[in-house]
Each structure stands twice: as structure tokens, then as C-alpha cells.
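Close look at the chain arrangement
The residues making up each chain are set out below.
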Amino acid sequence: MEFSVMMGILMEGFALTAEIFVITLVGSLPLGVVVALARMSKFKPLAWLAQLYISILRGTPLMLQLMAIMFGPYYLFGLSMGSDWKFWACAIGFILNYAAYFAEIYRSGIQSIPRGQYEAAEVLGYTKAQTFMKIVLPQVIKRILPAMGNEIITLVKDTSLAFVLGIAEMFSAAKALAAREVSMIPYAIAALIYWVFCLLIEFILNRVEKRLDYYHD
Amino acid sequence: MESKAVVSLTNGKKAFGANEVLKDISLTVNAGDVLAIIGPSGGGKSTLLRCMALLETLDSGDLSYGDLVVCANNGEGRAVYGGKDVIAQAKTRFGLVFQNFNLFPHYTVLQNVTDALICVQKMPKDEALARGRELLARMGLADKESMVPCDLSGGQQQRVAIARAMAMNPDVLFFDEPTSALDPELTREVLKVIRDLAAEHMTMVIVTHEMGFARDVADHLIFMDGGVIVEQGSAHEVINNPQHDRTRAFLSNYDRD
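In the nomenclature of an unreviewed UniProt entry, chain B corresponds to Amino acid ABC transporter ATP-binding protein from the organism Adlercreutzia shanghongiae. Recorded in UniProt for chain B, the comment headed Sequence similarities (unreviewed entry) runs: "Belongs to the ABC transporter superfamily." The record in UniProt for chain B states the following under Subcellular location (unreviewed entry): "Cell membrane".

As C-alpha cells, then:
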């Protein structure tokens, strides 16, 4: 097989990889905030529920979670889902899983903001929501950026787990190519593409970190 | 001049668990008055100020800002606070300056002063910016408006915090040990700003360990220990001629310069 054809197939897979990556972040970054706030809620049942959620999603393999979501509707309710379902099952699985990890990172950031920041905002008359959105969250983002970078880089490579659902993302494409060509080259190229993608993300994260460097506490 | 109570507290009590921090405190601050509160650490000064600033809730007592009743005792002698509107309105009546400044580190100096005006008081943006700049100029910080707090000295940060509190146009300013985190030089610079405010008849309540300053600036002084007001009177009288042994013992730790 010509190299360009192989590259074409891998890049097609990469488009799906990138899609899973972006959808996961778009869903899990805000969901993580919600879970973190629930986890810190003074209403205990909600806090326990959030803690249970985090515990289960961090404590079981993502691969199993993906399969549970994929096949759950059929085995539990006898529902037959459309052909689009496997992609959405994958997206939901990734979002729910990453939200659990992000929630704990947000929580570490939120709890590191000094009490005095809340008190200053309270005395000035900020509402709870304003205090969180304007005063706390911007400071939290700066503090958690390195930890978030870690998770985001991990996500790039975790997208390869989508292969268990038969989604033709880059890892699945490389696997198929390797079997057909009896060669390790497709894997090597895929590895290179993952790495280049991660380099790009590191570059962006560094830029954001620099932009937030205008102050320190 | 007609004197009018800006804030008054009657029979305020507060306990943290079994620890009674405030035992039956009453005080009134009239418009234009400067009240200093002194006393040993753990004597209840900060808790008193925090209760008045609504950062802590009183267990018992009546608290009002002018004609606005913030909390009042019910039949069983427990303080019942007003609703959200009352609390929100009360917060427009006072400003609080903290020991550790508590500026918002991600905001510029000007944003620190104007943000609450814009997003809490809904003041038009240019009006808020003009007010912020005017206050910063009064604090001698006109050239610092686009800097962030971490690039300022402690004294400058505290002056920004004073401007931020002043911006809301409060009836009374509370200071919780405003110079305790500062070295003597920076302390002088912040105290000068507070003296200037006193000269302009800003109503203020100042918890402080600066005795010379308290004597010179305050009209009235309260010495607190063990959750009670041990002694009070004119600032000069109490500091130069304390009547109670406990006050004398406390003041003997300071040079009366």
C-alpha cells in the first residue's frame, strides 16, 4: 500500500479522534464544575451522591464504562438504538468519566482560594453566583491549569479506547492497517500523530499559562 | 451638628460552641464619629466587627444601620435576621477593610475599586471608572490603576482596599487591624490615609493595636477583653488615664508615644 493511502486512512481516523477529544472537553469541563460544587454542597445527600459518582467513575475501567453505556439500553430496557448510538455512547462515556476527574481538580482549586476572597466579595454585596464566576473561578483556573493539562493530555491517548465500541478512530484504523499490511509501521505513524497532537496541546496550555502569569498571589 | 446613629448594636451576644466570644455588647456610632476598639487578642474585637459586617451572625441582640433593622431579638431572646433584601441593603451601608487586604489578585487596581460598583450597584461603567479614579487619586495611587495588587507594596494594597470600600459610598467604614500586616513605614502611610478620612468626618470603627493613633484619631474608645467592654470613654481619657486595672495592665505593654 502506498504511504499516502495509509496516511489518508490514519488521518480519517484522526478526525474522529479529534472529534471525540473536543466533544469530551466541551461536555466534561462544565460538567466537572457542577459535580465539584455538588461534592462540596452543604446539603449532605447531594455531596454523597457526587462522591459516589466520582468514586464509581474513577474506580472502574473507562473501557467497561463505555461498554456499559453502549449496551446498557438494550440489555436493561430492550431498546435498540440507531447506528449513530455508538458514537454518542462513546461521547457520553468519555464526558461522564472525565467530569469525575475534572471535578476533583476543580475542588482542589476551589478549596485553595483563601476565605478572605469570599468575605471581601460578600461584604461588597456580590451574590454567591457572582462571587463564584467573577472572583473564585478565574483564580481557580490559573491554579489548576497544570493539573488540567495532565488530564487533557491523557484524554488524547484515552480516545483510543473508543476502539472497543468499533469506532473507526485513529487507533482502530492503525490496528486494521497493521493487520492487513502485516507491519508495525501504521502503529508507529499513529504514535507520532498522537505525540504531535499532544505537542500542540502543550503549546496551547503554555500560552494560556503565560497569559495568566500577569499576577501571582 | 445633629448626631445620628449610623450603626447601633444592643446586647450583642455570640458564642462559638461553648466559647462565649461576645457577652452582652452594646455600642452606638454616630455620624462623623471615629470609634477605636482596642484590647488583647482573643478578646472579641474582631468577632464584634465581623458581626457588625454581617460575616458572622449574632446569637442574640439588636443590630441596626440607621433606620434599617438588620436583626432583632425575638421573644426568646434570639437574634432574628431580616430577609435577603434587608441584608443586601445593610451591605450598602458599611465597608470593611481587612487586615490582609483581601484584594482580588486577578483584577487590576482600578477593577478592584470599580467592579462591585458596576456589577453590584449597577452604576454605569464610565461613572464607576471616574469614581474609582477619583478615589485612587485621593489615596495617592493615581498612577497605579492598571497594576495588579501583587505589584504593589502592602501599604499601597491596603490603600486600594480602603478605596474599594469607599467606592460603595458607605455610611460607616470598618477597619479590622488595618496595619497589623505592615511594617512601621507602611503602617504610617496607611494611618495617614485614615487620619485624612477622619479629618473629612468619615464615620469609622477601627480595631487597632496602634495606641498613639487610636488616641489621636478616635473620638471614642472601647477596651474589650474576655468578650465584654471593660472600659470606654473618650480616646484620650482611656489611653492617658485608664480607670480599670485590666486596661492599665494592657496599656502598660505599649509606649504611650
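1. Observations regarding the overall build of chain A
Helix and strand counts for chain A stand at eight helices and zero strands. Traced from its N-terminal end to its C-terminal end, chain A shows the element sequence α-α-α-α-α-α-α-α. Dimensions of chain A along its principal axes, counting C-alpha atoms only, are 70 × 50 × 25 Å. A total of 217 residues make up chain A; the buried ones form 46% of that total. Long-range pairs, those at least 24 residues apart, make up 77% of the contacts in chain A with a sequence separation of at least 6. Only carbon and sulfur atoms are counted for the fraction: they give 69% of the accessible area of chain A, which is about 11,700 Å². Across chain A, the 17 positively charged side chains and the 15 negatively charged ones have centroids separated by 10 Å.

2. A few points about the interface of chain A and chain B
Contact residues are listed per partner, giving 19 residues for chain A and 23 residues for chain B. When the two sides are added together, the surface that chain A and chain B hide from each other amounts to roughly 2,000 Å², 62% of it contributed by carbon and sulfur. When the area that chain A buries against chain B is broken down by residue, the three leading residues are Glu119, Val123 and Leu124 of chain A, summing to 32%. At the surface where chain A touches chain B, the tally comes to two salt bridges. Measuring nitrogen to oxygen at the nearest pair gives 3.2 Å for the salt bridge that ties Lys134 of chain A to Asp115 of chain B. Our count for the contact surface shared by chain A and chain B stands at ten residue pairs in polar contact (both at pLDDT 80 or more). Per element, the largest residue contribution to the side of chain A that touches chain B is eight residues, and it comes from helix 5 (residues 115-124) of chain A. When its residues are assigned to classes, the side of chain A that touches chain B shows nine nonpolar, six polar and four charged.

3. Examining the sheet that holds strand 7 (residues 94-97) of chain B
Residue and element names in this part refer to chain B. The sheet built from six strands is open, its strands ordered 7-8-9-3-10-11 with mixed pairing. Either end of the sheet is taken by a strand with one partner, and the two such strands are strand 7 and strand 11 (228-234). Sheet twist, expressed as the average angle between the axes of neighbouring strands with direction ignored, equals 15°. The pairing of strand 7 with strand 8 (residues 172-176) spans four bridges and is classified as parallel. Residue Leu96 lies in a different strand from strand 8, and its bridge partner there is Phe174. Packed on one face of the sheet, helix 1 (residues 45-52) meets strand 3 (34-38), strand 7, strand 8, strand 9 (204-207) and strand 10 (220-225) and runs near 145° to strand 8. Packing against the sheet, helix 6 (residues 184-199) makes contact with strand 3, strand 8 and strand 9, and its axis sits at approximately 150° to strand 9.

4. Some details on the nonpolar core
Formed by 94 residues in total, the largest nonpolar core has its most connected members in Met52, Leu63, Tyr65, Ile162, Phe174 and Met204 of chain B. Ranked by size, the runner-up nonpolar core spans 57 residues in total, among them Phe14, Val33, Phe132 and Val136 of chain A.

5. Some points on the sheet that holds strand 1 (residues 5-16) of chain B
Residues and elements named next belong to chain B. The strand order 2-1-4-5-6 describes an open sheet built from five strands, whose pairing is antiparallel. The open sheet is flanked by strand 2 (19-30) and strand 6 (79-81), the only strands paired with a single partner. Taken pair by pair, the neighbouring strands of this sheet meet at an average axis angle of 20°, ignoring direction. Bridge count for strand 5 (residues 68-73) against strand 6 is three bridges, and the pairing is antiparallel. Across the sheet, the residue bridging to Ala72 is Val80, located in strand 6.

What counts and what doesn't
Residues numbered from 1 in each chain as written. Chains lettered and ligands numbered in written order. Predicted model: local features only at pLDDT ≥ 70, side-chain atom pairs only at ≥ 80, totals over all residues. Heavy atoms only, no water. UniProt positions renumbered as here; feature names shortened; annotations may be inferred. Helix = DSSP H or I, 4+ residues; strand = E, 2+ residues; numbered from the N terminus. Buried < 20%, exposed > 50% of the residue type's maximum accessible area, 1.4 Å probe, protein only. Contact = heavy atoms within 4.5 Å. Areas by Shrake-Rupley, 256 points an atom, 1.4 Å probe, with all protein chains shown as cover. Lys, Arg positive; Asp, Glu negative; His and termini not counted. Charge placed at Lys NZ, Arg CZ, Asp CG, Glu CD. Buried area = accessible area lost by both parts, 1.4 Å probe. Salt bridge = Lys/Arg side-chain N within 4 Å of Asp/Glu carboxyl O. Polar contact = N/O pair within 3.5 Å; in protein donor to acceptor, adjacent residues only side chain to side chain. Nonpolar A, V, L, I, M, F, W, Y, C, P; charged D, E, K, R; others polar. Pairing = 2+ DSSP bridges. Axes fitted to C-alpha atoms, helices over the stretch in contact; angles between N-to-C directions. Core = buried A, V, L, I, M, F, W, Y, C linked by side-chain atoms within 4.5 Å.

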